[in-house]
Amino acid sequence: MAKKNITDNDTEQRHGLWGLIQGEWFSGSAYRRHIFWVLLVVVLFVIYISFKFTAQFQIDEVKKLQQELTNVQTSQIHVTSRYGSQTRESEMIKMVDSLHLELVSPEQPPFNLNNN
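No experiment lies behind these values; they were computed from the predicted model shown.

Reading the values: rules and limits
Residues numbered from 1 in each chain as written. Predicted model: local features only at pLDDT ≥ 70, side-chain atom pairs only at ≥ 80, totals over all residues. Heavy atoms only, no water. Salt bridge = Lys/Arg side-chain N within 4 Å of Asp/Glu carboxyl O. Helix = DSSP H or I, 4+ residues; strand = E, 2+ residues; numbered from the N terminus. Phe/Tyr/Trp six-rings, centres within 6.5 Å; stacked < 30°, edge-to-face > 60°. Buried < 20%, exposed > 50% of the residue type's maximum accessible area, 1.4 Å probe, protein only. Expected span 1.5 Å × (residues − 1).

Further remarks concern the pattern of salt bridges. Side chains bearing opposite charge may pair, as long as their charged atoms lie close to each other. Scanning the model with the defined rule gives one salt bridge in all. We note a salt bridge from E61 to K64, for which the minimum N-O separation is 4.0 Å. In this pair, E61 and K64 are both assigned in helix α4 (residues 35–99), three residues apart and thus about one turn of the helix distant.

So, about the packing of aromatic side chains. Enumeration over the complete set of coordinates arrives at one aromatic pair. Taking the centre distance of 5.0 Å and the plane angle of 75° together, the rings of F36 and W37 count as edge-to-face. You can call F36 exposed: its relative accessible area is 54%. Exposure remark for W37: the relative accessible area of 54% places this residue in the exposed category.

Quick look at α4 now. Every α-helix winds through 3.6 residues per turn, so residues three or four apart in the chain are directed the same way. When the terminal C-alpha atoms of α4 are compared, their 95 Å separation across 65 residues agrees well with the 96 Å that a helix rising 1.5 Å per residue should span. Backbone geometry just downstream of α4 places H100 in the positive-phi region, at approximately 55°.

This is how it looks when you write it as structure tokens:
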């Protein structure tokens, strides 16, 4: 009866977590019998990892391009603003010249007068 308990203990260990750690669940013969499925699973994992890497790379590229687009849009707004300002200024100069008001634009920027 003592021998029966030892073999029962042995099969419990073989089927438990310890059996998985020691490699008793998947023997060499089991791999040889199912080599196609094992290779298929490995190839699918490699493909999954490569797709995930590619997707992450493309997401980073999209973020970089979005940042660049934001910078270009900001630059375009500044250029449009400067153009609009110059257009208004040139139109005002033409209007002043056509009305013969004898006004000139100052060549120096304005300065503050201090009362001391």
